[in-house]
Amino acid sequence: MTQPHLEVTGDLGARYDEILTPAALDFVSELHDRFAGTRHDLLATRLRKRVDAANGRDPGFLTETAHIRRDPSWRVAGAGPGLEDRRVEITGPTDRKMAINALNSGAKVWLADQEDATSPTWANVIEGQITLFDTVRGQLDFTSPEGKEYTVTGDATGATPTIVMRPRGWHLVEKNISFVDRANRTMSASGSLVDFGLYFFHNAQRLIEGGSGPYFYLPKLESHLEARLWDDIFSHSEDALGIPYGTIRATVLIETIQAAFEMEEILYELRDHCAGLNAGRWDYIFSIIKTFRARGRRFVFPDRKQITMTVPFMRAYTELLVSTCHGRGAYAIGGMSAFIPNRRDPEVTARALEQVAADKKREAGDGFDGTWVAHPDLIPTAQAEFDAVLGARPNQLERTRDEVSVTAAEPARRRIRRRADHHGRRARQHHDRAALHRVLAARRGGRGDRQPDGGRRNRGDLPLAGVAVDPRQLGHRRGGAHRRTVGGRPGRRGVRRLAAHARRPLRRRPVGVPYLGARARVPDLPHRRRLRPLPLTSPSRFREPWSARVHFWPFNPRV
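Residues numbered from 1 in each chain as written. Predicted model: local features only at pLDDT ≥ 70, side-chain atom pairs only at ≥ 80, totals over all residues. Heavy atoms only, no water.

1. Remarks on the overall build of the protein chain
What counts here: By the criteria applied, helices consist of DSSP H or I runs no shorter than four residues and strands consist of E runs no shorter than two, each listed in order from the N terminus. Buried residues are those whose accessible area, probed at 1.4 Å on protein chains only, stays under 20% of the maximum for their type, while exposed residues exceed 50% and partly exposed ones sit between those limits. The criterion used for residue contact is that any of the two residues' heavy atoms lie within 4.5 Å. Areas reported here follow the Shrake-Rupley algorithm with a probe of radius 1.4 Å; residue values treat only the protein chains shown as occluding.
For the protein chain, the count of helices and strands is 17 helices and 13 strands. Looking at the protein chain as a whole, 55% of its 559 residues are labelled buried. Partitioning the intrachain contacts of the protein chain with sequence separation of at least 6 by distance along the chain shows that 79% fall at a separation of at least 24. Put simply, the protein chain shows about 24,800 Å² of open surface, and 49% of that area lies on carbon and sulfur atoms.

2. A closer look at the sheet that holds strand S1 (residues 5–8)
Let me state the cut-off plainly: One requirement defines pairing of two strands: DSSP has to find at least two bridges between them. Between N-to-C directions, angles cover 0 to 180 degrees, with each direction set by a line fitted to C-alpha atoms, over the stretch in contact for helices.
Pairing is antiparallel across the open sheet formed by 3 strands, whose spatial order is S1-S7-S8. Lying at the two open borders of the sheet, with one neighbouring strand each, are S1 and strand S8 (186–190). Along the sheet, successive strands turn relative to each other by an average axial angle of 50°, direction set aside. Packing of helix H2 (residues 22–54) onto the sheet brings it into contact with S1, strand S7 (173–180) and S8, and relative to S1 it is tilted by some 110°. Contacting S7 and S8, helix H6 (residues 191–209) runs over the sheet at an angle of about 55° to S8.

3. Examining the confidence of the model for the protein chain
The cut-off we apply is this: One number per residue, pLDDT, summarises how confident the predictor is, and it ranges from 0 to 100.
Mean pLDDT over the protein chain stands at 82; residues scoring 70 or higher make up 73%. Of the regions scoring below 50 in pLDDT, residues 466–489 engages in 67 contacts with residues more than four places distant in sequence or in other chains. Ignoring residues within four places in sequence, the model shows residues 515–559, a span with pLDDT below 50, making 96 contacts including any to other chains.

4. A closer look at the pattern of salt bridges
Worth spelling out the cut-off: Within this document, salt bridges are pairs made up of a side-chain nitrogen of Lys or Arg and a carboxyl oxygen of Asp or Glu, the two lying within 4 Å of each other.
Using the criterion set out here, one finds 40 salt bridges in the structure. When the shortest N-O distance is used, the salt bridge between Lys49 and Glu262 registers 3.9 Å. In this pair, Lys49 sits in helix H2 while Glu262 sits in the loop between helix H8 (257–260) and helix H9 (263–269), placing the two residues 213 residues apart along the sequence. A salt bridge links Asp134 to Arg96, with the nearest nitrogen and oxygen atoms 3.0 Å apart.

5. Brief notes about the packing of helix H12 (residues 346–366) against helix H13 (residues 379–390)
What counts is decided by this rule: Any angle that falls under 35 degrees is termed roughly parallel, while one over 145 is termed roughly antiparallel, one within 65 to 115 roughly perpendicular, and all others oblique. Crossings are classed by handedness, with left-handed meaning an anticlockwise turn of the near helix from the far one by less than a right angle and right-handed meaning a clockwise turn.
Relative orientation of the contacting elements H12 and H13 amounts to 30°, with a least axis distance of 9 Å. The angle between H12 and H13 falls in the class roughly parallel. Between H12 and H13 the crossing geometry is right-handed. Contacts between H12 and H13 involve Leu353, Val356, Ala357, Lys360, Lys361, Glu363 and Ala364 on the former and, on the latter, Thr381, Ala382, Glu385, Phe386 and Val389.

6. A short note on the side chain of Thr256
So the rule is basically this: The term polar contact refers here to a pair of N or O atoms within 3.5 Å; inside protein, the definition further demands a hydrogen-donor-capable atom paired with an acceptor-capable atom, and it admits residues adjacent in sequence only when both atoms are side-chain atoms.
Summarising the element assignment, Thr256 is placed in the loop between strand S10 (249–254) and H8. Within the structure, Thr256 has its side chain in polar contact with the backbone nitrogen of Ala259 (distance 3.2 Å). Apart from the residues lying within four places of it in its own chain, the contact partners of Thr256 are Leu221, Glu222, Tyr284 and Ser287.

7. A few points about helix H10 (residues 281–291)
Counting buried residues along H10, 9 of its 11 residues qualify, which places the element largely inside the surrounding structure. Of all the positions in H10, only Arg281, Asp283, Tyr284, Ile285, Phe286, Ser287, Ile288, Ile289 and Thr291 are classed as buried.

8. Brief notes about the environment of Ile243
As for its placement among the helices and strands, Ile243 is situated in the loop between helix H7 (224–240) and S10. Residues Ile243 and Ile208, 35 residues apart in the sequence, show an inter-C-alpha distance of 9.2 Å. Contacts of Ile243, omitting those with residues within four sequence positions, involve Phe200, Ala204, Gln205, Ile208 and Glu238.

What follows is the structure, encoded as structure tokens:
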């Protein structure tokens, strides 16, 4: 039997040895030894849920956890030191220049993003850890190639934002670090455990001594069982480093349709380490498209520019989030507006400030305790809207929104009373794909986000840009086209093709792919090929694992 350990296969640059110390690697290796198996089981559960959704089962509130929702007695831990006032949070990658800009921005919280805003190259992953290492120790500085010097000065009072670090999601791996388990099997390390483990090991005690603590944003959760796994990791990590239980605080991003139905359960599982929930709006919209992409005409979205935060299902989602959080003593944090000012274009700046002001006014009025911005110039606008509602209070937890009553059908009610814009489809797709290609080019070059067209784009926008117009619209026009597509109701010709296909012998299952009962994927039909959306390509090292990439077709002719 082999002793579990990590093997670093990536090249070592300057100061990498300060992060990849033997003790830190042993700590991360122990996290993998204890929790990697559960992580793989939960990823398999995600795949089974996608099969269920493709076969007609809608997500909804869980009956087996109804007692948790009915119990009014439990509360979450709430804000830790330095997190009492979160009215404006600035997000951004962890390169040195952007980190200094965020620390000098005047925001209350800096979301140090190792996920969507960071291109997950080996250099960015480890150098981001070096940036955070230096930030916590007050030794962060940067000199640009042009000779310009950047230093941390804080806001007008010298204060700097509280750091909340966001690791990568459960589905992502770190291919430059391999984990060798007790059976001597080698696999890529979990990006989540690497990001969390290195940051926590090096910085937790220093953060506590500085009057703050190790705080995290948890992305892409799809169930309360995934939240339970994070809570187990937090408890073990605190015990391993001799830190008091409950010191860690986590804010969970509700950015999948599955998690939207398990908000109270997620808070319950993390109750001793939870500070709040965040409305991750853009990934949430894509999650709905991805979950119901195989369900036919009834689930087609219009052009995504018409899917605003005021449409009924998005209103139900945000109001349920605020009501759930405040009923349990958790903070409700609003999402990020994609509009970005341009200091060289006053017209773009004025339009962006107007859009952001309206967005933040709505959030503050709905009961949110804070919000995200992506640019320092947006902080005064966002803060003004929250100051108008909060005043001197740090939050509005007293607004429990008891009048909110959301049924299981409302967050999943995708119908919007707007027609799909087929005439403007090509222009819109061209616009979004141009922005998509710029972001992909930036990520290949090591940059995590771009700001084209007066808006911010990062990895979170890639799926939405790839389906700028829901691809199912292509098969749902009036006329004869839909009669030949699987997405609509097939005519005689389509039925004959499906029947012929169903009589073919089943292909052998690829090695390593688990058997899931009825097959969930039907090979392309010849007439379908010209109606498929343009592919969303990315370098193979950035792609998600097989279980996260699988695509489902409208129905299974073999069932």
